[in-house]
Amino acid sequence: MQKLIHWGGQYLLAAGTMFALLVCIDVFLRGEAFATVWPMSLAWSLMAAGIFIASRYFRSNSGALPPGRR
């Protein structure tokens, strides 16, 4: 159960951070309206966070150390 909570929290942290970053880029730098950009930003952040956390999960289970910790 602790493992599920840990990786779920990691996923939510990554997805939330990416969503905020993508929305800020679209709204402040590109000048788009929030109402039009949030669905696509949410979709991209959820997919990217899924790939990112899945790769970290599989690397942690295989015993591989992250770069710089060898």
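Refer to the preceding data block for the structure.
The structure displayed is predicted, hence computed values, not measured ones. (Residues numbered from 1 in each chain as written. Predicted model: local features only at pLDDT ≥ 70, side-chain atom pairs only at ≥ 80, totals over all residues. Heavy atoms only, no water.)

A. Structural detail: the nonpolar core. With five residues, the main nonpolar core is built from Trp7, Ala14, Ala15, Ala49 and Ile53. Put simply, the parts of the chain that give this core at least two residues each are helix H1 (2-29) and helix H2 (34-62). For this core, the element with the highest residue contribution is H1, accounting for three residues. Once you skip the residues sitting within four places of it in the chain, Trp7 turns out to touch Ile53, Arg56, Tyr57 and Ser60. (Core = buried A, V, L, I, M, F, W, Y, C linked by side-chain atoms within 4.5 Å. Buried < 20%, exposed > 50% of the residue type's maximum accessible area, 1.4 Å probe, protein only. Helix = DSSP H or I, 4+ residues; strand = E, 2+ residues; numbered from the N terminus. Contact = heavy atoms within 4.5 Å.)

B. The side chain of Ser45, seen in detail. You can see Ser45 is positioned in helix H2. A polar side-chain atom of Ser45 sits 2.9 Å from the main-chain carbonyl oxygen of Leu42. Residues in contact with Ser45, not counting those within four places in the same chain, are Ala15, Met18, Phe19 and Leu22. (Polar contact = N/O pair within 3.5 Å; in protein donor to acceptor, adjacent residues only side chain to side chain.)

C. Representation of the packing of aromatic side chains within the structure. Scanning all chains against the criterion turns up two aromatic pairs. Judged by centre distance (5.6 Å) and plane angle (90°), the rings of Trp7 and Tyr57 are edge-to-face. Separated by 50 residues along the polypeptide, Trp7 in helix H1 and Tyr57 in helix H2 bring together distant segments of the chain. Clustering of aromatic rings is evident, with ring pairs tying together Trp7, Tyr57 and Phe58. (Phe/Tyr/Trp six-rings, centres within 6.5 Å; stacked < 30°, edge-to-face > 60°.)

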